[in-house]
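Residue-level listing of the chains:
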Amino acid sequence: MAIVQPKSQRWRLLAAHLFLLALCAAVVFPFLVVLSVSLRPGNFASGSLIPSTISLEHWRYVLGMPYIGVDGKQTMPDLPVMAWLWNSIKVAAMSACVTLLLSTTASFALARMRFRGRQQMMTGLMLMQMFPAVLALVALYAIFDRIGTAFPAIGLNTHASLVLAYSGGIAMHVWTLKGYYDTLPGEIEEAARVDGATPWQAFWRVLLPMAVPILVVVFMLAFIGAIIEYPVASVLLTQQDQLTLAVGSKLFVHEHNFRWGDFAAAAILSGLPITAVFLLAQRWMIAGLASGGVKG
Amino acid sequence: MTKPLPNPWPGRVVALLATIGALWAVMVAHATGQTLLALTLLAISALAVWTYTSQRSNALRYLFPGIAAAMVFVVFPMLYTMGIAFTNQSSQNLLDLERARSQLMDEAVIAPGSQRAFTLEALGDKVSVRLKAASATGPGNAGSLPVGAARDGVTPPIALSIEAPRPQVVALQTAAADAATSPLPLIDTVQHLPALRLLKLRQDDGTILTLISLREFGQVLTLYLAQPDGSLADRLSGKVYRADMAEGFFTADDGDRLQPGFRVGVGLRHFKQVFSEGKFREPFVSVFIWTVVFSALTVVGTAALGMLLAGLLNWQSLPGRGAYRLVLFLPYAVPGFISILVFKGLFNQNLGEVNLILNALFGVKPAWFSDPLLAKAMLLIVNIWLGFPYMMVLCSGLIQSIPADLYEASAVVGAGPWTNFRRITLPLILKPLTPLLISAFAFNFNNFVLVSLLTGGRPDLADSTLPAGTTDILVSYTWRIAFQDTGQQFGLAAAISTVIFLIVAAITLIQLRFTARADTATKG
């Protein structure tokens, strides 16, 4: 650029770097502390950021293995972290499958078919997003309490109830999918129709194979959404071995029973894969959307 | 190219099985007394059958599952919340009238003076039960003893078994004053208790005695007598309890209430309480104000920081922008519940790293969780930490869409970065940003996870009967009323939820208006 750089430019650059570095430190600091705490012996030890002695007791704890505690005795973990992680993965995987099933079909109708009330339905879905489930917790609890008296298998304290409760939250995914379908050319499906394909065949054999990238993204977003969901799970699940990780984790960090080290290890164990999946889904989402449309 | 039509039979079989399954579910729901549930199931199944058999249901075939799920688990719970708001549902008033009545009718009392001590006598592998004469001096025995209870009674030898198909009824016979054999020691008697519990002994006057304690048989009666007018009379005191359809309790004339109560409609009572009764209104108003302040400050804070960062990261002469962007995006990618709990640990007063640093630098250890002002500050700090990356990404996208020649032109006239930001960047991104800021406001208005996991609403308001905290926002407040308070006042909580619905609806309307305005701005 032919613009003359003023003298103050260097100072501004320095200031910007200092500011950004300070902010980065504030962002990274909690993560470094957690990593450090998870490797320090004991739950109360407050030492330097780089631990002087490395102890794996907290990692043994979250993996459900007996560990040598601060008192020198061998102890069995009292909180089933691995069971919670498994519960979370189970619920999230089921919920993501259900969400994908419900939202791919619904968004197909909204993107490709013309029918009365279509516009209103899309507005309705958008409005639904403004009212999160947390506002209806009392009703959800009461509903599953009632369902449970008739069908204990999907009542309170079951993972099936959680999957059902999450299955309603498809609005955002329907919009994402519809947006993607809209970028796919309708001509290919029309060609299939001319060859005698039913609407179902056009959907199943032609449209869905083209939409695989976005299906993966929606699956991952739904998976993450279910795994980090806290309010509904905290109301529907109360038995300790049934909890999901999001509900169970808070049992570590009581104000008076402060189990920093065990929590830190559990947080890394569960947070790392979720974060990785999220970053991946973010990137694919952008890539998937960018590659949409007619090529060549 | 003729393709054979797919075989319709597998589809038909699946449909038939699904229909049978649905009908079975309706029956089960109805049989357990869940009429509303049964009706809902029936309506959904009927709609499903119509959708997948009719020729006229093109688009609905694809929409039905998703829309049904959204209706049942998103829309219906909202309507149901509003419904609960008009009832007195709580832990005391959980059942409907009939269930409450039948539960009260199950309450048993031992008829006064009917207790008779017993011993067992073994005769081979059978036992005989020997009852002592009821003592005329016992409690409540004013002279009149049941016929046949004045003398010792004994049963013929019986084979005790806990697998008896129905309770054995055995008639008592008058016994000789002295036992033929010595009674079994208590330790052997205890082993027979499960079988003795199933035993019914008939006295001469026809009254039935059952085991009431380790050493006694007695006559068990229902505590309440159902009166023809539907009220319940206490057998012992004679007090009459009438169903109070306004309050949802069986109430005596002197105001004594029976537990459990039952569900009744209470009209607008909860809404009146929240808006006009001091002890309900004060915590509500204080929580409401903090909710608005919290959401507004969060949006302002995250937007300001996000905008500043977006501006910096779009500054072409700044090296290392990619690395900064990656690190600064992290708080958005890490699951919220983990970050929030990490901060809960970091801010711990005695052991947390934040206070360790503050103590080393300034010698202070702020009480982040017990001082109301500090707790609020902590909530805001954590929420801005969590929320700024989202704003940064949003603003970054918007800034990139600003034509570069505007900045070149301003550089020609010698404008500095502050002028650039104020005159070019801000006006251009504010319009498309406004609807997003409003939805961020709505999101934080209902940011239950943050408040619930970080402070739980504490520290609590000192002078409130309800569990209201200084850092509670409306949703966490309703959660505490419904699930944390011992009274579990679902009705009151639902009423406050209904108020939140209305507020969110209002915010949504405003947002839609700004979205329309932003759209016309980009198009025109």
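Residues numbered from 1 in each chain as written. Chains lettered and ligands numbered in written order. Predicted model: local features only at pLDDT ≥ 70, side-chain atom pairs only at ≥ 80, totals over all residues.

(A) Local environment of the overall build of chain B. Scanning chain B from terminus to terminus reveals 16 helices and 14 strands. Relative to the globule expectation of 24 Å for 524 residues, the C-alpha radius of gyration of chain B, 36 Å, shows a markedly less compact shape. Viewed in the frame of its principal axes, chain B has a C-alpha envelope of about 125 × 85 × 50 Å. Here chain B holds 524 residues, and 33% of them are scored as buried. (Helix = DSSP H or I, 4+ residues; strand = E, 2+ residues; numbered from the N terminus. Rg over C-alpha atoms; globule rule 2.2 N^0.38 Å. Buried ≥ 20, exposed ≤ 12 C-beta atoms within 10 Å, placed from the backbone.)

(B) Fine view of the overall build of chain A. Tallying secondary structure elements over chain A gives 13 helices and two strands in all. Within chain A, buried positions represent 41% of all 296 residues. When contacts within chain A are restricted to residue pairs at least 6 apart in sequence, those whose partners lie at least 24 apart make up 69%. (Contact = placed C-beta atoms within 7 Å.)

(C) Structural view of the domain arrangement of chain A. Split by domain assignment, chain A resolves into domain 1 (12-75) and domain 2 (81-251). The gap between the C-alpha centroids of domain 1 of chain A and domain 2 of chain A is 36 Å. (Domains from an automatic or database assignment.)

(D) Structural detail: helix α9 (residues 336-346) of chain B. Across the eleven residues of α9 of chain B, ten count as buried, placing the element largely inside the fold. Those residues of α9 of chain B not exposed but buried are Phe337, Ile338, Ser339, Ile340, Leu341, Val342, Phe343, Lys344, Gly345 and Leu346 of chain B.

(E) Representation of the packing of helix α2 (residues 35-53) of chain B against helix α3 (residues 58-85) of chain B. Residue and element names in this part refer to chain B. Put simply, α2 and α3 touch, their axes get as near as 9 Å, and they point 160° apart. Taken as axis vectors, α2 and α3 run roughly antiparallel relative to one another. Judged by the twist between their axes, the crossing of α2 over α3 is left-handed. Side by side, α2 and α3 meet where Ile44, Ala48, Thr51 and Tyr52 of the first sit next to Leu60, Arg61, Phe64 and Ala68 of the second. Of the residues in the contact of α2 with α3, the class split is six nonpolar, one polar and one charged. (Axes fitted to C-alpha atoms, helices over the stretch in contact; angles between N-to-C directions. Parallel < 35°, antiparallel > 145°, perpendicular 65-115°, else oblique. Left-handed = near helix turned anticlockwise from the far one by under 90°. Nonpolar A, V, L, I, M, F, W, Y, C, P; charged D, E, K, R; others polar.)

(F) Looking closely at the sheet that holds strand β14 (residues 249-251) of chain B. Residue and element names in this part refer to chain B. The four strands lie next to each other as β11-β12-β13-β14, forming an open sheet whose pairing is antiparallel. The strands lining the two open edges of the sheet, one partner per strand, are β11 (224-226) and β14. For this sheet, the mean angle separating the axes of adjacent strands, direction not counted, is 35°. Bridge count for strand β13 (residues 240-244) against β14 is three bridges, and the pairing is antiparallel. Each residue of the ladder has a partner; that of alanine 243, found in β14, is phenylalanine 250. (Pairing = 2+ DSSP bridges.)

(G) Geometry of the interface of chain A and chain B. Facing 67 residues of chain A, the contacting portion of chain B comprises 66 residues. Among the elements of the structure, α1 (8-39), α3 (81-112), α4 (118-130), α5 (137-150), α6 (159-167), α7 (171-183), α11 (231-236) and α13 (260-290) of chain A are those that each provide at least two residues to the side of chain A that touches chain B. Residues of the side of chain A that touches chain B, tallied by class, amount to 53 nonpolar, eleven polar and three charged.

(H) Local environment of the nonpolar core. Ranked by internal contacts, the top residues of the largest apolar core, which has 168 residues, are Val138 and Leu140 of chain A. By residue number, the principal contributor to this core is helix α7 (residues 278-313) of chain B, which donates 13 residues. Residue contacts for leucine 140 of chain A: discarding those within four places in its chain leaves Ala133, Ala165, Val232 and Val235 of chain A together with Pro77 of chain B. Judged by nonpolar contacts, the second largest core, of 13 residues, contains Val127, Leu131, Leu196 and Leu201 of chain B. (Core = buried A, V, L, I, M, F, W, Y, C linked by C-beta atoms within 7 Å.)

(I) Local environment of unusual backbone geometry. Between glutamine 259 of chain B and proline 260 of chain B the backbone carries a cis peptide bond, its omega angle lying at 0°. With respect to the element layout, proline 260 of chain B can be found in the loop between β14 and α6 (269-276). With an omega of 0°, the peptide bond between arginine 458 of chain B and proline 459 of chain B qualifies as cis. Position of proline 459 of chain B relative to the elements: it lies in the loop between α14 (448-454) and α15 (474-484). Phi is positive for asparagine 157 of chain A, close to 65°, though the residue is something other than glycine. Counting through the fold element by element, asparagine 157 of chain A comes out in the loop between α5 and α6.

(J) Broad picture of the pairing of strand β2 (residues 116-123) of chain B. Residues and elements named next belong to chain B. The pairing of β2 with strand β9 (residues 216-218) spans two bridges and is classified as antiparallel. Bridged to alanine 117 within β9 is glutamate 216. Looking at chain direction, β2 and strand β3 (residues 126-131) are connected through six bridges and run antiparallel. Across the sheet, leucine 120 pairs through a bridge with valine 129, a residue of β3. Hairpin remark: β2 followed by β3, antiparallel, with two residues in the connecting loop; positive phi at glycine 124, about 65°.

(K) The environment of proline 185 of chain B, seen in detail. Looking at the element boundaries, proline 185 of chain B is found in the loop between β6 (173-174) and α5 (186-196). Taking the C-alpha atoms as reference points, proline 185 of chain B and glutamate 121 of chain B, separated by 64 residues in sequence, lie 9.4 Å from one another.

(L) Summary view of the confidence of the model for chain B. Confidence in the prediction of chain B, expressed as mean pLDDT, is 84, and 92% of residues score 70 or more. Here the complex is predicted with pTM 0.83, and the ipTM for its interfaces comes to 0.88. (pLDDT = per-residue confidence, 0-100.)

(M) Broad picture of the sheet that holds strand β7 (residues 199-202) of chain B. Strand order in the open sheet formed by eight strands is β5-β7-β8-β9-β2-β3-β4-β6 (chain B), with mixed pairing between adjacent strands. Among the strands making up the open sheet, the edge pair consists of β5 (168-171) and β6 of chain B.

(N) A look at the environment of serine 401 of chain B. Examined against the element boundaries, serine 401 of chain B turns out to sit in the loop between α11 (372-400) and α12 (404-412). In sequence terms serine 401 of chain B and alanine 415 of chain B are 14 residues apart; their C-alpha atoms lie 20 Å from each other.

(O) Quick peek at the packing of helix α8 (residues 321-333) of chain B against α11 of chain B. All names here are of chain B. Viewed as axis vectors pointing N to C, α8 and α11 meet at an angle of 120°, and their least axial separation amounts to 7 Å. Regarding the angle of α8 to α11, the classification is oblique. Judged by the sense of rotation from one axis to the other, the crossing of α8 with α11 is left-handed. Facing Leu328, Phe329, Pro331 and Tyr332 of α8, the residues of α11 in contact are Trp385, Leu386, Pro389, Tyr390 and Met392. Here the contact of α8 with α11 is composed, by residue class, of nine nonpolar, no polar and no charged.

(P) Expanded view of the pairing of strand β8 (residues 208-211) of chain B. Residue and element names in this part refer to chain B. In this structure, β7 lies alongside β8, joined through two bridges in antiparallel fashion. If you follow leucine 201 over to β8, its bridge partner there is leucine 209. Between β7 and β8, which pair antiparallel one after the other, the connecting turn spans five residues, and glycine 206 there sits at a positive phi close to 95°. Taken together, the two bridges between β8 and β9 define a ladder with antiparallel strand orientation.

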